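# Structural overview
Here is what each chain is made of, one letter per residue.
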Amino acid sequence: MGEDWKKFSIEDDIDEQMFSVWIQSVLLLPGVGRKKAWKVFEEFPSEITTSSEFVNFLCDKAKEIKRFPKLDAPLIHAKINDAKILLAKSIGLKNGSVINFRNFPRKLKNLDDPPLLLHYIGDKSLFNHDSVAVVGSREPSEFGRKSAIEFAKSICREEKAVVSGLALGCDTAAHRGALEANGKTIAVLAHGLDSICPPENRQL
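Here is a short report on the structure shown in this document.

### Quick word on the overall build of the protein
Within the protein, the secondary structure is distributed over 7 helices and 5 strands. Along the protein, from the amino end to the carboxyl end, the secondary structure elements read α-α-α-α-β-α-β-β-α-β-α-β. Along the three orthogonal principal directions, the C-alpha set of the protein runs to about 55 × 35 × 30 Å. Taking contacts inside the protein between residues at least 6 apart in sequence as the whole, the part at least 24 apart equals 59%. For the protein, the accessible surface area stands at approximately 11700 Å², while carbon and sulfur atoms represent 50% of it. If the 29 positive side-chain charges of the protein are averaged to one point and the 28 negative ones to another, these points end up 4 Å apart.

### A word on the pattern of salt bridges
The tally for this structure, following the rule as stated, stands at 7 salt bridges. Across the pair aspartate 113 and arginine 34 runs a salt bridge, and its minimum N-O distance is 2.4 Å. Separated by 79 residues along the polypeptide, aspartate 113 in the loop between α5 (106-109) and β2 (117-121) and arginine 34 in helix α2 (residues 34-41) bring together distant segments of the chain. The partly exposed category is assigned to arginine 34, whose relative accessible area is 34%. Across the salt bridge formed by lysine 153 and glutamate 180, the nearest N and O atoms sit 3.1 Å from each other. Of this pair, lysine 153 sits in helix α6 (residues 142-157) while glutamate 180 sits in helix α7 (residues 170-180), and the two are 27 residues apart along the sequence. Several salt bridges share partner residues, and in doing so they unite Glu150, Lys153 and Glu180 into one network.

### Digging into the packing of aromatic side chains
With the rule as written, the count across this model stands at 11 aromatic pairs. Residues phenylalanine 19 and phenylalanine 41 carry aromatic rings whose centres are separated by 5.5 Å and whose planes lie at 85 degrees to one another, so their mutual orientation is edge-to-face. One end of the pair, phenylalanine 19, is in helix α1 (residues 14-27); the other, phenylalanine 41, is in helix α2, and 22 residues separate them in sequence. On the accessibility criterion, phenylalanine 41 (2% relative accessible area) is buried. Here a set of aromatic residues connected by ring pairs shows up, and it is made of Phe19, Trp22, Trp38, Phe41, Phe44, Phe54, Phe57 and Phe101.

### Quick look at α2
Residues of α2 that are buried: Ala37, Trp38, Val40 and Phe41. What you see down the axis of α2 is that its buried residues fit within an arc of 155 degrees, all on one side.

### What to know about the sheet that holds strand β3 (residues 131-133)
Taken together, 3 strands build an open sheet; the order of strands is β3-β4-β5 and the sheet is parallel. Two strands bound the open sheet, and with one partner strand each, they are β3 and β5 (185-187). Neighbouring strand axes in the sheet, compared pairwise and without regard to direction, differ in orientation by 25 degrees on average. With 3 bridges joining them, β3 and strand β4 (residues 161-164) adopt parallel strand pairing. When the bridges of β4 are listed, alanine 133 appears paired with valine 163. Where α6 meets the sheet, its contacts fall on β3 and β4, and the angle it forms with β4 comes to roughly 140 degrees.

### Brief notes about the side chain of glutamate 16
Relative to the helices and strands, glutamate 16 resides in helix α1. A polar contact is formed between the side chain of glutamate 16 and the side chain of arginine 102, at a distance of 2.8 Å.

Rules used throughout
- Residues numbered from 1 in each chain as written.
- Predicted model: local features only at pLDDT ≥ 70, side-chain atom pairs only at ≥ 80, totals over all residues.
- Heavy atoms only, no water.
- Helix = DSSP H or I, 4+ residues; strand = E, 2+ residues; numbered from the N terminus.
- Contact = heavy atoms within 4.5 Å.
- Areas by Shrake-Rupley, 256 points an atom, 1.4 Å probe, with all protein chains shown as cover.
- Lys, Arg positive; Asp, Glu negative; His and termini not counted.
- Charge placed at Lys NZ, Arg CZ, Asp CG, Glu CD.
- Salt bridge = Lys/Arg side-chain N within 4 Å of Asp/Glu carboxyl O.
- Buried < 20%, exposed > 50% of the residue type's maximum accessible area, 1.4 Å probe, protein only.
- Phe/Tyr/Trp six-rings, centres within 6.5 Å; stacked < 30°, edge-to-face > 60°.
- Arc of directions from axis to C-beta.
- Pairing = 2+ DSSP bridges.
- Axes fitted to C-alpha atoms, helices over the stretch in contact; angles between N-to-C directions.
- Polar contact = N/O pair within 3.5 Å; in protein donor to acceptor, adjacent residues only side chain to side chain.

Just geometry here; none of it tells us what the structure is for.
Here it is in structure tokens:
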């Protein structure tokens, strides 16, 4: 892939682009989840500016973190390349972008257990918009479905955004209600931005 990923706008400058790539590369390591990844970046040295420096840092840091997988330079370099490809996929989509925790809006920064990296499509100002989560059964009764729609509409009338997943059932109804009320709605996906699951909600 070379340096083609740089043509996409991940963040404001190349330093933030590379930092997002490094975060993603750690999250791609086998056996590393969000909590272990946080241990890598919670006291990240500001003097690290190149991928070679990052690789050396990560090899040393991995030895300090309990139950962190054993690493070597070729594996980390491979994951950095995989991360560039993955981020380029997300931000190559219409209005797609990636933001890391150093640049999170206030409400994301204040979460008790925040992510390190967020892939998104759309208006990131909604991250700081007052919002209400609407979730429920994937197989609601007709009454439950209609209730989710009406509840979402009432949230939007209060000029708040609806937040839900994109599953069938109550999640779908909540988004439909918000759209019918010409309101704001946010779908939180458990997978990449380059696919829609379930496919029935692609148009939604």
